[in-house]
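Below are the chains, spelled out letter by letter.
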Amino acid sequence: MYLKFKSKKGVTLIEITIAFLILVVAALGASGIISHGHKATYHDFRRGEALQLLVDRMNFLSSISFANLSTDLGGRTSATIDFPYRDIEFGLVTIGNNKYEVVATLKKQPLKFDDLMELDFEKIFTKNKKYKYDDPTTWYFKKKNNSTENYNQASGDYAYAVIKITISVKPVEGRIIKDERTYEAITFVCNTE
């Protein structure tokens, strides 16, 4: 007996279901990658905002003269700025949906230089016939009589004084991750009058 089989035309329901399941699994994987990328991008964006705040506040405080910073300190040796200061926001700062804690510290910084040296002109002019004022290899030095000098405005030793400025920026609200960083920077403003 001769059997004749007809060829199939079309797709069965089982084939459609399997293809749909494969598509769903692939789409879930892709959405997970996209979601992870979005979180990383958001974290980088917030890091950029924190760094921008840090640089902005540092530039602002660095532009204030030593005399004005010293006046703002009053008789204190250090002060924490976590409130609006000279019309600039410190403390809790909001940018979009993110909040940052921006804190600055001003601290009078005494300096001490040990083992100071000075030019020994007696030796230079009497023993060094090859002395040239613009050639440091021909110079002679000796230890200063007072080989330690303090530059401390609090004690009034010398006119020079330094204020150390420390600024920290930390995200405090929004989508905070477990190992959130605090960004800090330090600079110094010097009195050279």
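Numbers given to residues run from 1 along each chain, matching the order in which its sequence is written. With the structure being a predicted model, the display of local features is reserved for residues of pLDDT at least 70 and the display and counting of side-chain atom pairs for 80 or more, all residues being used for whole-chain, interface and lining totals. Processing note: side-chain calculations cover all non-hydrogen atoms of the structure and skip hydrogens and water entirely.

1. Here's the deal with the overall build of the protein
Then, number 1: Secondary structure elements are taken from DSSP: a helix is a run of H or I of four residues or more, a strand is a run of E of two residues or more, and numbering for both begins at the N terminus. A tally of helices and strands in the protein yields three helices and nine strands.
Then, number 2: Along the protein, helices (α) and strands (β) appear in the sequence α-α-β-β-β-β-β-α-β-β-β-β when read from the amino end.
Then, number 3: Whether two residues are in contact is decided by their heavy atoms: any pair within 4.5 Å suffices. A fraction of 68% describes how many contacts in the protein between residues 6 or more apart in sequence connect residues 24 or more apart.
Then, number 4: Note that accessible areas follow from Shrake-Rupley with a 1.4 Å probe, and for residues the cover is restricted to the protein chains shown. Accessible area for the protein stands at about 14,100 Å²; split by element, carbon and sulfur atoms hold 57% of it.

2. Details of the pairing of strand β3 (residues 98-109)
Then, number 1: Strands are treated as partners if at least two bridges between them are detected by DSSP. Looking at chain direction, strand β1 (residues 78-81) and β3 are connected through four bridges and run antiparallel. Bridge pairing in β3 places A79 opposite L106.
Then, number 2: Direction of pairing for strand β2 (residues 91-95) relative to β3: antiparallel, over a ladder of five bridges. Within the sheet, the bridge partner assigned to G91 lies in β3 and is V102.
Then, number 3: Hairpin connection between β2 and β3: a loop of two residues separates the two successive antiparallel strands, and G96 in this loop has a positive phi of roughly 60°.

3. Quick notes on the environment of R47
Then, number 1: Mapped onto the fold, R47 is located in helix α1 (residues 13-62).
Then, number 2: In this scheme, a residue with accessible area under 20% of its type's maximum is buried, one over 50% is exposed, and one in between is partly exposed, where area comes from a 1.4 Å probe on protein chains only. Take R47: its relative accessible area is 25%, and that puts it in the partly exposed class.
Then, number 3: Here the alpha-carbon distance between R47 and P171, two residues 124 residues apart in the chain, equals 8.6 Å.
Then, number 4: Setting aside anything within four residues of it in sequence, one finds R47 in contact with R181 and Y183.
Then, number 5: Polar contact criterion, stated in full: a pair of N or O atoms within 3.5 Å, where within protein one must be able to donate a hydrogen and the other to accept it, and residues adjacent in sequence count only if both atoms are side-chain atoms. Of the polar contacts made by the side chain of R47, one reaches the side chain of Y183; its length is 3.2 Å.

4. Overview of the confidence of the model for the protein
Then, number 1: Per-residue confidence from the predictor is reported as pLDDT, which spans 0 to 100. With 81% of its residues at a pLDDT of 70 or more, the protein shows a mean pLDDT of 81.
Then, number 2: Least confident of the elements in the protein is strand β7 (residues 149-151), whose mean pLDDT is 67; most confident is β1, at 93.

5. Things to note about unusual backbone geometry
Then, number 1: Positive phi outside glycine occurs at R86, with the angle close to 50°.
Then, number 2: By secondary structure assignment, the location of R86 is in the loop between β1 and β2.
Then, number 3: If you check the backbone angles, D87 has positive phi at about 65° while not being a glycine.
Then, number 4: Looking at the element boundaries, D87 is found in the loop between β1 and β2.

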